[in-house]
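Commentary on secondary and tertiary structure
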Amino acid sequence: MSPRFVVARLGMLVVTLLVSSLAIHGAMFLTPGDPATLLVGGSRNPDPAVLAQIHREYHLDDPFIQGYWHWLGNCLQGDFGKSLVYRDSVAALIGDRAGTTLALVVYASLLVLAAGTVIGTVAALRGGRTETLATTVTAGAMAVPTFVMAVLLIWLFAVRLPWFPVYGSGEGFTGTLTHLTLPAVALAMTWIGYVAQVTRTAVRAELRSEHVETARSRGVPERTVIRRHVLHNASGPVFAVSGVGIAGIIATAAVVEQTFGTGGLGALMIEAAAKQDMAVVQAVSLVFVVVFVVINTAVDLISAALDPRAARKGAR
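Residues numbered from 1 in each chain as written. Predicted model: local features only at pLDDT ≥ 70, side-chain atom pairs only at ≥ 80, totals over all residues. Heavy atoms only, no water.

1. Digging into the overall build of the chain
Each helix and strand in the chain was counted, giving 12 helices and zero strands. When the elements of the chain are put in sequence order from the N terminus, they spell out α-α-α-α-α-α-α-α-α-α-α-α. In the chain, which comprises 316 residues, the share counted as buried stands at 40%. Excluding contacts between residues fewer than 6 apart, the proportion of contacts in the chain whose partners are at least 24 apart in sequence is 73%. (Helix = DSSP H or I, 4+ residues; strand = E, 2+ residues; numbered from the N terminus. Buried < 20%, exposed > 50% of the residue type's maximum accessible area, 1.4 Å probe, protein only. Contact = heavy atoms within 4.5 Å.)

2. Let's talk about the packing of aromatic side chains
The full count for this structure, using the stated rule, is four aromatic pairs. Here the aromatic cluster, defined as three or more aromatic residues joined through ring pairs, consists of F157, W163 and F164. (Phe/Tyr/Trp six-rings, centres within 6.5 Å; stacked < 30°, edge-to-face > 60°.)

3. Thoughts on helix α5 (residues 128-143)
In this model, α5 (16 residues) spans 23 Å end to end at C-alpha, consistent with the 22 Å of a helix rising 1.5 Å per residue. Looking at the packing, one finds that the buried side of α5 touches α4 (90-126) and α7 (172-207). (Expected span 1.5 Å × (residues − 1).)

4. Side note on the pattern of salt bridges
Throughout the structure, instances matching the rule amount to five salt bridges. In this structure, R216 and E222 form a salt bridge, with 2.7 Å as the shortest nitrogen-oxygen distance. Look at R216 and you get partly exposed, because its relative accessible area is 31%. Taken together, the shared-partner salt bridges in this structure form one network comprising E131, R200 and R204. (Salt bridge = Lys/Arg side-chain N within 4 Å of Asp/Glu carboxyl O.)

5. Considerations on the environment of G140
Looking at the element boundaries, G140 is found in helix α5. Separated by 53 residues in the primary sequence, G140 and G193 place their C-alpha atoms 7.9 Å from one another.

6. So, a nonpolar patch on the surface
Side chains of W155, L156, V159, L161 and W163 sit close together on the surface and give an oily, nonpolar patch of about 520 Å² of accessible area. Along the chain, W163 turns up in the loop between α6 (146-160) and α7. For W163, a relative accessible area of 56% corresponds to the exposed category. (Patch = residues over 30% accessible without salt bridge, like charges linked within 9 Å, V, L, I, M, F, W, Y side chains within 5 Å. Areas by Shrake-Rupley, 256 points an atom, 1.4 Å probe, with all protein chains shown as cover.)

7. A closer look at the side chain of S83
Within the secondary structure, S83 is located in the loop between α3 (64-76) and α4. Of the polar contacts made by the side chain of S83, one reaches the backbone nitrogen of Y86; its length is 2.9 Å. Leave out the neighbours within four places in its chain, and S83 touches D88, V90, L93, D277 and V280. (Polar contact = N/O pair within 3.5 Å; in protein donor to acceptor, adjacent residues only side chain to side chain.)

8. A closer look at the packing of α5 against α7
The contact between α5 and α7 brings their axes to 7 Å, and the two run at 145°. Considering the relative orientation of α5 and α7, their crossing is left-handed. When α5 is examined against α7, the residues E131, T135, T138, A139, A141 and M142 are found in contact with a partner set consisting of M189, T190, G193, Y194, A196, Q197, R200 and R204. Looking at side-chain class alone, the contact of α5 with α7 contains six nonpolar, five polar and three charged residues. (Axes fitted to C-alpha atoms, helices over the stretch in contact; angles between N-to-C directions. Left-handed = near helix turned anticlockwise from the far one by under 90°. Nonpolar A, V, L, I, M, F, W, Y, C, P; charged D, E, K, R; others polar.)

What is shown is where atoms sit, not what they do.
If you want it as structure tokens, here you go:
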């Protein structure tokens, strides 16, 4: 992996973060209504002096660019401002809920990596009906939207078969695991299908490659051929799509959190948006964007390390 490729990807990371943060602030700047009225009980005729004081305190009247730099500078120092609705530090609100979202994303990501790679590998190695069944099931999983999958899981495993709870995040390791199972499965199903399809295609391509045929002709045991030549060489595209899947899980976590009432960052952002709590919406959106972009950049760099040809193409 060339230094030029690394510098290019890191440069794209910085530019993407700046543009994304500017877009987030712009969206909040153009939002109709006056968030300051929330602090005076939503009165139709609030005291202008009180509103003016709130505007000064929260910098609501700052010009767009000035407000953007003030907000971004504070964010870089870990100060996301104060919530208008919750009357608390935004950083504290994020800290209280970040653990739930992190646990959900990690749980769903493990399901994607484990189930997707196993299903795809078994389908490619066995072929025949196994491959047909795996392809059909994974294609169906890819076609079902996340919110529809969440409703189906609730109906099946909470209503018809009351095996799992459907609200809250639980307490302790066992309670958290139980409460987050259905949300994690709902998040993971689409990406399990993608990872399984890519894994199947990559493994089948390696099975037909010349170096695999050469290894077999030399009498190398089949298990060694599969492990060292097939799976190792297929790991590049599988890792790439898995990384994109994890980033996609983060992007759609808010839908599942709101559906299952887990109380994570996604649910916080939706609640804050409904109440025009700009500071919270901006901060949580920025956190999601940063994590999404950083993961994609890390996937690009690691994929390039696994497959130097990708790095040479990206550096051109």
